[in-house]
Amino acid sequence: MTQLSNTATWTQRPLVRMAQRIGFEPANVDYFVEKLNPVWSLLNLRATVVNVREETHDTKSFELQPNMHWQGISAGQHVGVNVEINGVTHKRRYSLSRAEAVNADESKTIQITVKRVEGGLVSNHLHDHIQAGDVIGLEAADGDFVLPAELPNSLLVLTAGSGITPVFSQVATLLNEGYQGSIEFLHYVRSPADRIFGEQLEALAQQYSNLSVQWCFEAAEGQSKPERFSAKQLAKRVADYQERNAMLCGPAGFMEAVREHWADIGRSDALAFEYFGAPPVDATDAIDANITLKTGKQIQLNAGETLLDSLLENGPNLTADELPKYGCKRGVCHECKCRKTSGAVKNLLTGKVTAGEEDIQLCISAPVSDVTLG
Ligand SMILES: Cc1cc2nc3c(=O)[nH]c(=O)nc-3n(C[C@H](O)[C@H](O)[C@H](O)COP(=O)(O)OP(=O)(O)OC[C@H]3O[C@@H](n4cnc5c(N)ncnc54)[C@H](O)[C@@H]3O)c2cc1C
């Protein structure tokens, strides 16, 4: 475990200063202390994996014990996970996936839950190679998908697939802390076997009379057709859904359908949500564009793609130098930062369009003209 990317935080500065005062470079100290225990570091946030649990056939939870640099996390937030695969460090974000005190600095361990992604590098590496006792690199908690200071009277939860993780964490936290409002929790999932936290949610619903859990399956025994989100389907499940504050997380298509409906009923303000990737490109902005790479090679970007999507899609035709580095695909980790020498892009997080020479994050940049990358 050799990831050395985090900058010093307040917890470590005194130690860093002490090392420097007695004539040691902190990085050299790290070189020796990590031989004694790989989770120890003067400079970097790391965690020991203390437990790995199978949640479903393709999903595992990892309980992590961070080192002294950990500064806490709130339910709904995510952490960066750095793993080394064939000598290269790869970064991804994973949401916290269990109840957490809102002020979690003193908590001993945290939990993330990872669903395998077909062809995915890090999710499969975590599943196949990471076990209790291993040490992984972490990056500090981030994210504004957190519980509001003033809690609403009633909640509607809409999740699909691995999108259940941050919302499960929030709901379990709320219930632990004595929330009395009614919670309707709807999880859209392929089949009963794919339910992440199925048993935990059912147990919570038994324990707390204000929580009701409903599963909406694509396919299940005795079910004649898939049950997918629609206004009509939701109204059947939760008659008063328009009066509730809603929380949403899942695949982009599912989230777009829900967000569109909330906009139609004029309730967008009552919908909190988290994307596991960049927000989709607005249909009105989406254009096909020519992307010229530093090497002069040109690729065609299809309307609706980010620059990163397009480069990855063209991966087989690109050399190792032309393939970008990337991490969170959400604008958090800056791994995919790149120089743009000409053209205009829209930042999908801020909605700002900028042109000319500048640094951009490929994962959250959608071109609004042809673009040249430097
Ligand atoms: C805020 C946030 C929270 C998240 N929380 C969770 C969570 O709680 N649980 C969870 O499971 N996930 C979560 N994610 C998603 C997670 O970060 C990863 O994106 C996910 O695990 C996939 O990573 P990977 O490395 O396995 O896949 P990647 O290697 O990034 O690949 C993703 C897809 O792109 C394709 N691809 C990659 N490279 C190429 C290429 N060169 N050419 C063509 N196709 C390519 C792969 O085949 C795959 O289908 C979260 C993401 C964010 C941003």
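All residue numbers here refer to positions counted from 1 along the written sequence of the relevant chain. Where local features are concerned, this predicted model is filtered to residues with pLDDT of at least 70; where side-chain atom pairs are given and counted, the filter is 80 or more; whole-chain, interface and lining totals use all residues.

**Thoughts on the site of the ligand**
Contact assignment follows one rule, namely that a residue is near a molecule or strand if its backbone-placed C-beta atom lies within 6 Å of it. Taken together, 27 residues form the shell around the ligand, and within it Gly 119, Gly 120, Val 122, Ser 123 and Gly 315 come nearest. In DSSP terms, a helix is any run of H or I states spanning at least four residues, a strand is any run of E spanning at least two, and both are numbered starting from the N terminus. Of all the secondary structure elements, the ones that give two or more residues to the shell around the ligand are strand S4 (88-95), strand S5 (110-115), helix H3 (121-129) and helix H8 (307-313). Residue type decides the class: Asp, Glu, Lys and Arg count as charged, Ala, Val, Leu, Ile, Met, Phe, Trp, Tyr, Cys and Pro as nonpolar, and the leftover types, Gly among them, as polar. Residue composition of the shell around the ligand, grouped by class: 8 nonpolar, 12 polar and 7 charged. Domains are outlined according to an automatic or database domain assignment. When we break the shell around the ligand down by domain, the ones giving at least three residues each are domain 1 (13-142) and domain 3 (289-373).

**Overview of the domain arrangement of the protein**
A common measure of how large an interface is: the accessible area buried when the components associate. Under the domain assignment used here, the protein contains domain 1 (13-142), domain 2 (154-274) and domain 3 (289-373). Summarising the inter-unit geometry, the C-alpha centres of domain 1 and domain 2 are found 29 Å apart. In this complex, domain 1 contributes 14 residues to the contact, which on the side of domain 2 involves 15 residues. Within the residue set of the side of domain 1 that touches domain 2, elements represented by two or more residues are strand S1 (46-56) and S5. Its residues placed into classes, the side of domain 1 that touches domain 2 shows 3 nonpolar, 7 polar and 4 charged. Contacts are defined on C-beta atoms placed from the backbone: any two residues whose C-beta positions lie within 7 Å are in contact.

**Quick word on the sheet that holds strand S6 (residues 135-142)**
Any two strands with at least two DSSP-identified bridges between them are counted as paired. A sheet is described by the order of its strands in space; here 6 strands give the open sequence S4-S3-S6-S1-S2-S5, paired in antiparallel fashion. Every other strand in the sheet has two partners, leaving S4 and S5 as the edge strands with one partner each. Going from strand to strand, the sheet's axes swing by 40° on average, the running direction of each strand aside. Where S1 and strand S2 (residues 59-66) come together, 8 bridges link them in antiparallel fashion. Each axis is a line fitted through C-alpha atoms, taken for helices only over the stretch in contact, and angles between the N-to-C directions span 0 to 180 degrees.

**Some thoughts on the confidence of the model for the protein**
Confidence in the prediction of the protein, expressed as mean pLDDT, is 91, and 95% of residues score 70 or more. Note that pLDDT drops below 50 for residues 1-8; the model gives that stretch 22 contacts with residues more than four away or on any other chain. Predictor confidence is given residue by residue as pLDDT, running from a minimum of 0 to a maximum of 100.

**Observations concerning the nonpolar core**
By convention in this section, buried Ala, Val, Leu, Ile, Met, Phe, Trp, Tyr and Cys residues joined through C-beta atoms within 7 Å make up a nonpolar core. Neighbour density around each residue's C-beta defines its exposure: 20 or more other C-beta atoms within 10 Å make it buried, 12 or fewer make it exposed, and counts between make it partly exposed, where C-beta atoms are placed from the backbone. Core analysis: the biggest nonpolar cluster contains 81 residues, and Val 157, Val 171, Phe 185, Leu 248 and Leu 362 have the highest contact counts within it. Broken down by element, this core gets its largest block of residues, 6 residues, from helix H4 (residues 164-176). Setting aside residues up to four positions removed in sequence, Leu 362 forms contacts with Thr 306, Leu 307, Leu 308, Leu 311, Pro 324, Tyr 326, Cys 336 and Cys 338.

**Some points on the pairing of S4**
Pairing between strand S3 (residues 78-85) and S4: 8 bridges, direction antiparallel. By the bridge assignment for S4, Glu 84 is matched with Thr 89. Here S3 hands over to S4 after 2 residues, with Asn 86 in that stretch at a positive phi of 50°.

**Concerning the sheet that holds strand S13 (residues 298-301)**
Pairing is mixed in the open sheet, where 5 strands are placed in the order S13-S12-S19-S14-S17. Because the sheet does not close on itself, it has two edges, and the strands there are S13 and strand S17 (358-361). For this sheet, the mean inter-axis angle between neighbouring strands, taken without regard to orientation, is 40°. Where strand S12 (residues 289-292) lies against S13, 4 bridges are found, and the strand directions are antiparallel. Note on S13: the bridge partner recorded for Asn 290 is Gln 300.

**What about unusual backbone geometry?**
A positive phi angle, near 60°, is found at Phe 197, a position not held by glycine. Its location among the elements puts Phe 197 in the loop between strand S8 (182-189) and helix H5 (198-207).

**Focus: helix H1 (residues 13-21)**
Burial runs low along H1: only 0 of the 9 residues are buried. Among the residues trailing H1, Gly 23 stands out with phi positive, at a value near 90°.

**Concerning the environment of Val 167**
Its place among the elements puts Val 167 in helix H4. Looking at Val 167, the number of C-beta atoms within 10 Å reads 27, which means it is buried. With 32 residues separating them along the chain, Val 167 and Val 135 place their C-alpha atoms 27 Å apart. Excluding residues that lie within four positions of it along the chain, Val 167 makes contacts with Val 157, Thr 159, Met 247 and Cys 249.

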